Amino acid sequence: AYEATLGYYAAIGWFRAPTMGPRSFSVHREVAYLPLMLTAMIAVVVETVGVHFLLRMWSPVAAWIVTGIRLYTLIWLMGDIHSVRLRPVEVSDETLHLRLGLRWTAAIPLTSIEAVQDAGCDAQSGKQGYLKAILFGTPSRRIQLAEPVNAVGLYGRTRQVSTIDLHVDDSTRFDAVLGRR
């Protein structure tokens, strides 16, 4: 299902604009996610051509297998770019819908949010119940929960989280919408 959804975003992403409401927050603009990923895609294309011609001298079958894998990599990257762009973090009346493309998704009841604060630089990685939900760089906000929620990651992997570091492009508006609990 994950692969099919990723393929869906790779195919339709070019033709859709994100639906950004007053309580929607992008996570990719300030960290220059799109330019970085496009650069990576260009590098994959250039490298694929060179590797294909090099491998073709020894084994045409191996050359086409590696080229096919690289083409799949490009589809995966396109799907990831569009899923991040088209699935913003949203706050509804009762729930914070945390979305980092298809990488992480969580529905967090607003009543379970204890605090939203600057993320700071204290290391949380590896701690039980911690989720670093950022694409690149450093998080801008730390969300502390009164009770753990289920976060769903790549390929359906789940994790119980009570502390979430997140980067949103408009931290001031994010704080205002959540009421800076």
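See the structure printed just above.
Below: a short report on this structure. (Residues numbered from 1 in each chain as written. Predicted model: local features only at pLDDT ≥ 70, side-chain atom pairs only at ≥ 80, totals over all residues. Heavy atoms only, no water.)

1. Side note on the overall build of the protein chain
Here comes step 1: A count of helical and extended segments in the protein chain gives 4 helices and 8 strands.
Here comes step 2: Written out in order from the N terminus, the α and β elements of the protein chain read α-β-α-α-β-β-β-β-β-β-β-α.
Here comes step 3: Considering only C-alpha atoms, the protein chain reaches an extent of 65 × 35 × 30 Å along its principal axes.
Here comes step 4: The buried share of the protein chain, taken over its 181 residues, is 45%.
Here comes step 5: About 9700 Å² of surface is accessible on the protein chain, with carbon and sulfur atoms providing 62% of the total.
Here comes step 6: For the protein chain, the separation between the mean place of its 18 positive charges and that of its 15 negative charges on side chains is 6 Å. (Helix = DSSP H or I, 4+ residues; strand = E, 2+ residues; numbered from the N terminus. Buried < 20%, exposed > 50% of the residue type's maximum accessible area, 1.4 Å probe, protein only. Areas by Shrake-Rupley, 256 points an atom, 1.4 Å probe, with all protein chains shown as cover. Lys, Arg positive; Asp, Glu negative; His and termini not counted. Charge placed at Lys NZ, Arg CZ, Asp CG, Glu CD.)

2. Considerations on a nonpolar patch on the surface
Here comes step 1: On the surface, a cluster of nonpolar side chains totalling about 260 Å² of accessible area is made up of V45, V49 and F53.
Here comes step 2: Among the structural elements, V49 can be located in helix α2 (residues 33–56).
Here comes step 3: According to the relative accessible area criterion, V49 is partly exposed, its value standing at 43%. (Patch = residues over 30% accessible without salt bridge, like charges linked within 9 Å, V, L, I, M, F, W, Y side chains within 5 Å. Salt bridge = Lys/Arg side-chain N within 4 Å of Asp/Glu carboxyl O.)

3. A look at the pairing of strand β3 (residues 95–100)
Here comes step 1: Most of β3 sits out of view: 5 of its 6 residues are buried.
Here comes step 2: Strand direction decides the pairing type here: strand β2 (residues 89–91) and β3, joined by 2 bridges, are antiparallel. The residue bridging V91 from the neighbouring strand is L96, located in β3.
Here comes step 3: Connecting β2 to the antiparallel partner β3 that follows it, the hairpin turn spans 3 residues.
Here comes step 4: With 6 bridges connecting them, β3 and strand β4 (residues 104–109) associate as antiparallel partners. Note that in β4 the partner of L100 across the bridge is W104.
Here comes step 5: The turn linking β3 back onto β4 is made up of 3 residues, and G101 within it adopts a positive phi angle of 60 degrees. (Pairing = 2+ DSSP bridges.)

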